[in-house]
Amino acid sequence: MTQPTLIMGAVAYAPKVVTIWEGFKAWFAQQGFAFDYVLYSNYEAQVEAQFDGTLHVAWNSPLAWVRADRMARSRGQSVQAVAMRNTDCNLRSVIVVRADSLLQSAADLRGKTLGVGAIDSPQATLLPLHHLRLAGLIGGQDFTVRRFDVLAGKHGDHIGGERDAALALLAGDVDACCMIDGNHLGFGLDGTLPAGSTRIIERTAPYDHCNFTTSPDAPQDLIDRFVELLMSMKYDDPQVRPLLELEGLKKWKPGRVDFYPDLAQAVDEEGFYSADGRILRADYRY
Amino acid sequence: MDAFFVPTIDIDRLGLDEGGLLLVRRALAQLAVGERLHLRGCAPDWDLHLTAWCRQQGHEIEIHRLADGPLEAVIVRGPWAQDRWRGALESGTSQLAKDEMPAQIADAAWGLAARGATVEAGSPAIGFNLRHRDEIWAATAGDLYRQAAAAQWDPQTAIDWDAPFDLDPEIEAAIAQVMTYLIENENAALVVPARHLGQVHPHFREVQQALALQCADEARHIEVFTRRLGLRGHRPMLSTAGGQASLHTLMQAPDFSSATFLLSVLGEGSFINLLNFLHEHAPDPVTRQICRLAARDEARHVAFAMAHLEHRLTAQPEFLTRLQNAVEQRHEELASSAGLNEEVFDALVLLAAGALTPEAIAIGHGAVQRLKLDMAAGRKARLLRLGFDPAQAQRLADMHTQNFM
Ligand SMILES: [Fe+2]
Ligand SMILES: [Fe+2]
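Just so you know, these numbers come straight off a predicted model, no measurement behind them.

A. Structural context of the overall build of chain A. The helix and strand tally for chain A stands at nine helices and eleven strands. Its C-alpha radius of gyration of 19 Å places chain A within 12% of the 19 Å reference for a compact globule of 286 residues. In chain A, the share of contacts with a sequence separation of at least 24, taken over all contacts with a separation of at least 6, comes to 76%. Surface accessibility of chain A: about 11,100 Å² in total, with carbon and sulfur atoms responsible for 50%. Treating the 28 positive side-chain charges of chain A as one cloud and the 36 negative ones as another, the clouds have centres 3 Å apart.

What follows is the structure, given as structure tokens:
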């Protein structure tokens, strides 16, 4: 009798995704755990596959988590966030202007142009727009939103949109732009935004990023073993370390969902998904 | 750490994207895992950048406002930077003391690291085939490398290419044939060590360096022989199947020691006799100069080969049988080939004769016969030094290829 295999979904936002999950598959196999993965070109197809029996678990963006959660609730089911990276917790996004700009705070953006990331980027589009709404400004009404749509469907996983917006800021094509805090530091270090060339005028509230989301009917014993093995991955193990480094973490943590509500609110404000998880935006191509 | 001492650094106006991270990393490196670092700064958004960096690096961080206004960060050092070096490999001694030897077996996982470096566990195992010391080591490799580095010469300036001479066309043609033959041999002398060089584990740095300069020497020899060949407008002349078959067997030798034995102890050793012969008998100053310089280089190649085989035979006396087999096997393989081609033989006689008269040719012929005896005597002497008994040394010296190399 063959052992039941846990099937995980992941989105191929870059070629290294194959390397990562092949590595995990081999490592799980060594631990005696049958694991396989299915790659999707976009998070929408992946989340839908969580409801047709294809996947037991999915490596979801925060936006994909919001959709999976809504789809499950509307069907009287539930999904769980069972694990996340240490680096997925407490991110902030920032709104950046050129150092010599007259803009000092959110209110000054009125009538100006804001560069955002991909239409489906939580960090570079949805959460910053939500933050500005809290400050009383609505994108498209009080200021112009200019999207830098790189690889829509991948929920902003590709850094290209944030980088393009940053370059447009330097070129004077937009008055401000949005990015994750770590990318502002990273762009400073790699010279994309030379140190001192920009200024941060707004910071969003902290939010969480990716998680492993279970599918509604996933066998609990498989999920339990999967999570147990993840938690046992140690950075000081030379065989495990390259996998963790590729995936950008030091250790796996238990999943938590209390830092996603801002995003869920942004989804409603921007009319991205309906309450039952249908895609509403007609201009969303993936 | 002193309980009352709280390490604190102030990065002042230095941004974390302007080098500030270096100060943070160095301050954290002073702490044990779990200890706290207090940090202040006044660059724009330093707290946000520091928080993002700590998240990536796995350090806990809290930011609070001090009573007098400025922000302060408290970082708890995470274990990750240290965890990376758990199980790291020590890779030997950088500078060997006198009579000290490198590791018996170089760990494939040391890879390309400098000998003596601390190598992260999980570094790729790199497949260097020559990683057993006794298969390649020579006690004097380091000395020979230094001598070679000091003795490199520039063909452009070391040879007086414009030295005046005017040769009979028959003699100049004989030079062209000899040069054609020398280049072919030098090609083998370059390719054989080069093929091994890429297989030597870098832990055996002195061997790697000695072989690299040996290859450089041969490249230079190819250059100067080629230049002399064409100096009076000649094109390369004849290359025989027998000559190439002889050299080809050097490329097929089963291991580094056997190849080094056949190529350098027997072949290049004999080649030195040939170069000395040309230095003595060549009719023009350019040929004499290049043969003198090449012979000096070859002497180092032979010295390295002897030193390696002495090491190997000390470690594995039974390897002497393998060397004997290598000579015998090569002899068998070449039994049906023609040996030294007539054109080369005649050209050597002619060079030593200097003219086509019967009297001159008799002298030239005698000189080439003496050259062959010198070569065989030299081979025998080296075989004796390696530990073959006299009868065996004589037999193996005589079995060497008629092609000289
Ligand atoms: Fe040579
Ligand atoms: Fe040589």
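B. Examining the environment of Leu222(A) more closely. Structurally, the position occupied by Leu222(A) is in helix H7 (residues 220–231). Accessibility expressed as a relative area gives 8% for Leu222(A), which makes it buried.

C. Summary view of the interface of chain B and chain A. Between chain B and chain A, the contact holds 21 residues from the first and 24 residues from the second. Summing both partners gives a buried area of about 2,100 Å² for chain B against chain A, and 57% of it is carried by carbon and sulfur. Its largest share of buried area at the contact with chain A, chain B owes to Leu48(B), Arg55(B) and Trp80(B), together 35% of the area lost on that side. Between the two partners, chain B and chain A, sit six salt bridges. On inspection of chain B and its partner chain A, the count reaches eleven residue pairs in polar contact (both at pLDDT 80 or more). The set of elements that each furnish at least two residues to the side of chain B that touches chain A consists of helix H2 (46–57) and helix H3 (80–83) of chain B.

D. The sheet that holds strand S2 (residues 35–40) of chain A, seen in detail. All names here are of chain A. Read from one edge of the open sheet, six strands run S2-S1-S3-S10-S4-S11, paired in mixed fashion. Edge strands, defined here as strands with exactly one partner in the open sheet, are S2 and strand S11 (252–254). The mean inter-strand angle of the sheet, taken between neighbouring strand axes irrespective of direction, is 25 degrees. One ladder, built from two bridges, connects strand S4 (residues 81–85) with strand S10 (residues 211–214); its direction is antiparallel. In the sheet register, Ala83 faces S10, and the bridge partner there is Phe212. Lying over the sheet, helix H1 (residues 16–30) contacts strand S1 (6–11), S2, strand S3 (57–60), S10 and S11, oriented at roughly 165 degrees with respect to S2. Packing against the sheet, H7 makes contact with S1, S2, S3, S4, S10 and S11, and its axis sits at approximately 20 degrees to S4.

E. A look at the pattern of salt bridges. Residues and elements named next belong to chain B. The final tally for this structure, using the stated rule, is 40 salt bridges over all chains. For Asp217, the salt bridge is made with Arg300, and the minimal N-O distance between the two is 3.0 Å. Residue Asp217 is located in helix H8 (residues 205–230), and its partner Arg300 is located in helix H11 (residues 285–315); the two are separated by 83 residues in the primary sequence. Given a relative accessible area of 11%, Arg300 falls into the buried group. Between Arg228 and Asp284 there is a salt bridge whose closest N-O contact spans 3.2 Å. One end of the pair, Arg228, is in helix H8; the other, Asp284, is in the loop between helix H10 (256–281) and H11, and 56 residues separate them in sequence.

F. Layout of the coordination of the iron ion (ligand 2). Residues and elements named next belong to chain B. Around the iron ion (ligand 2), the donor atoms from the protein are Glu218 (OE), Glu268 (OE), Glu298 (OE) and His301 (ND1), and they sit 1.8 to 2.1 Å away. Relative to the metal, the four donor atoms surrounding the iron ion (ligand 2) lie at angles of 95 to 147 degrees, and the coordination shape comes out irregular. Donor residues binding the iron ion (ligand 2) come from one chain and are separated in sequence as E-x49-E-x29-E-x2-H. Here the iron ion (ligand 1) and the iron ion (ligand 2) are spaced 3.6 Å from one another, each receiving a donor from Glu218.

G. Region of interest: the packing of helix H13 (residues 342–353) of chain B against helix H14 (residues 358–386) of chain B. All names here are of chain B. Running from amino to carboxyl end, H13 crosses H14 at an angle of 120 degrees, the nearest separation of the two axes being 7 Å. Judged by the twist between their axes, the crossing of H13 over H14 is right-handed. Residues Phe345, Leu348, Val349, Leu350, Ala352 and Ala353 of H13 form the contact with H14, whose own contacting residues are Ala360, Ile361, Gly364, His365, Ala367, Val368, Gln369 and Lys372. Split by residue class, the contact of H13 with H14 holds ten nonpolar, three polar and one charged.

H. Quick peek at the domain arrangement of chain B. Per the domain assignment, the segments of chain B are domain 1 (8–82), domain 2 (93–127) and domain 3 (133–399). Computed over C-alpha atoms only, the centres of domain 1 of chain B and domain 2 of chain B are separated by 36 Å.

I. Geometry of the coordination of the iron ion (ligand 1). Here the iron ion (ligand 1) is held by the protein donor atoms Glu186(B) (OE), Glu186(B) (OE), Glu218(B) (OE), His221(B) (ND1) and Glu298(B) (OE), which lie 1.8 to 2.7 Å from it. Sequence spacing of the donors to the iron ion (ligand 1): E-x31-E-x2-H-x76-E.

J. Quick peek at the sheet that holds strand S2 (residues 36–40) of chain B. Residue and element names in this part refer to chain B. Taken together, the four strands give an open sheet; going across it, the order is S1-S2-S4-S3, and neighbouring strands pair in mixed fashion. If you trace the sheet from one side to the other, it starts and ends with strand S1 (8–10) and strand S3 (60–65), each paired once. Neighbouring strand axes in the sheet, compared pairwise and without regard to direction, differ in orientation by 20 degrees on average. Two elements, S3 and strand S4 (residues 71–76), share six bridges in a ladder whose sense is antiparallel. Considered in S4, the bridge of Glu62 is made with Val74.

K. The arrangement of the pairing of strand S6 (residues 113–116) of chain A in detail. All names here are of chain A. Side chains of S6 alternate between two faces, with Thr113 and Gly115 and Leu114 and Val116 buried alike. Note: S6 against strand S7 (residues 144–147), four bridges, orientation parallel. Note on S7: the bridge partner recorded for Leu114 is Val145. Note on the crossover from S6 through helix H4 (residues 122–134) to S7: the handedness is right-handed.

L. Region of the structure containing the packing of aromatic side chains. Taken as a whole and judged by the stated rule, the model has 20 aromatic pairs over all chains. Taken together through their ring pairs, the aromatic side chains of Trp21(A), Phe24(A), Trp27(A), Phe28(A), Phe33(A), Phe35(A), Trp59(A), Phe212(A), Phe226(A) and Trp252(A) make up a single cluster. Positioned above the aromatic ring of Tyr235(A), the side-chain terminus of Arg241(A) is 5.9 Å from the ring centre. A cation over an aromatic ring shows up here: Arg227(B) above the ring of Trp161(B), its NZ or CZ 4.3 Å from the ring centre.

M. Geometry of the nonpolar core. In terms of nonpolar packing, the biggest core is built from 75 residues, with Phe225(B), Phe261(B) and Leu274(B) touching the most fellow members. Residues contacting Phe261(B), with those up to four places away along its chain left out, are Leu266(B), Leu309(B), Leu323(B), Val327(B), Leu383(B), Leu386(B) and Phe388(B).

N. A look at the environment of Thr214(A). All names here are of chain A. Along the chain, the position of Thr214 falls in strand S10. Put simply, Thr214 and Gln50 are 164 residues apart on the chain and 7.9 Å apart in space, counted from C-alpha to C-alpha. Here Thr214 is in contact with Gln50, His56, Val57, Val79, Gln80, Val82 and Ile223, once residues within four sequence places are set aside.

O. Inspection of the domain arrangement of chain A at higher detail. Residue and element names in this part refer to chain A. In terms of domains, chain A is made up of domain 1 (6–88 + 208–269) and domain 2 (93–203). The centre of domain 1, based on its C-alpha atoms, is set 28 Å off from the matching centre of domain 2. On the domain 2 side, the residues contacting the 17 residues of domain 1 number 13 residues. Taking both sides of the interface into account, the surface hidden between domain 1 and domain 2 amounts to around 1,300 Å²; carbon and sulfur atoms contribute 62%. Inspection of the domain 1/domain 2 interface yields one salt bridge. The interface formed by domain 1 and domain 2 includes eight residue pairs in polar contact (both at pLDDT 80 or more). Among the elements of the structure, helix H2 (43–49), helix H3 (62–74) and helix H9 (261–269) are those that each provide at least two residues to the side of domain 1 that touches domain 2. If you tally residues by element for the side of domain 1 that touches domain 2, the top one is H9, at five residues.

Rules and cut-offs
- Residues numbered from 1 in each chain as written.
- Chains lettered and ligands numbered in written order.
- Predicted model: local features only at pLDDT ≥ 70, side-chain atom pairs only at ≥ 80, totals over all residues.
- Heavy atoms only, no water.
- Helix = DSSP H or I, 4+ residues; strand = E, 2+ residues; numbered from the N terminus.
- Rg over C-alpha atoms; globule rule 2.2 N^0.38 Å.
- Contact = heavy atoms within 4.5 Å.
- Areas by Shrake-Rupley, 256 points an atom, 1.4 Å probe, with all protein chains shown as cover.
- Lys, Arg positive; Asp, Glu negative; His and termini not counted.
- Charge placed at Lys NZ, Arg CZ, Asp CG, Glu CD.
- Buried < 20%, exposed > 50% of the residue type's maximum accessible area, 1.4 Å probe, protein only.
- Buried area = accessible area lost by both parts, 1.4 Å probe.
- Salt bridge = Lys/Arg side-chain N within 4 Å of Asp/Glu carboxyl O.
- Polar contact = N/O pair within 3.5 Å; in protein donor to acceptor, adjacent residues only side chain to side chain.
- Pairing = 2+ DSSP bridges.
- Axes fitted to C-alpha atoms, helices over the stretch in contact; angles between N-to-C directions.
- Donors = N, O, S within 2.8 Å, 3.2 Å for Na, K, Ca; no water.
- Tetrahedral: all angles 85-135°; square planar, octahedral: opposite > 155°, others 65-115°.
- Left-handed = near helix turned anticlockwise from the far one by under 90°.
- Nonpolar A, V, L, I, M, F, W, Y, C, P; charged D, E, K, R; others polar.
- Domains from an automatic or database assignment.
- Right-handed = clockwise from strand over helix to strand, strands pointing away.
- Phe/Tyr/Trp six-rings, centres within 6.5 Å; stacked < 30°, edge-to-face > 60°.
- Lys NZ or Arg CZ within 6 Å of the ring centre and 35° of its normal.
- Core = buried A, V, L, I, M, F, W, Y, C linked by side-chain atoms within 4.5 Å.

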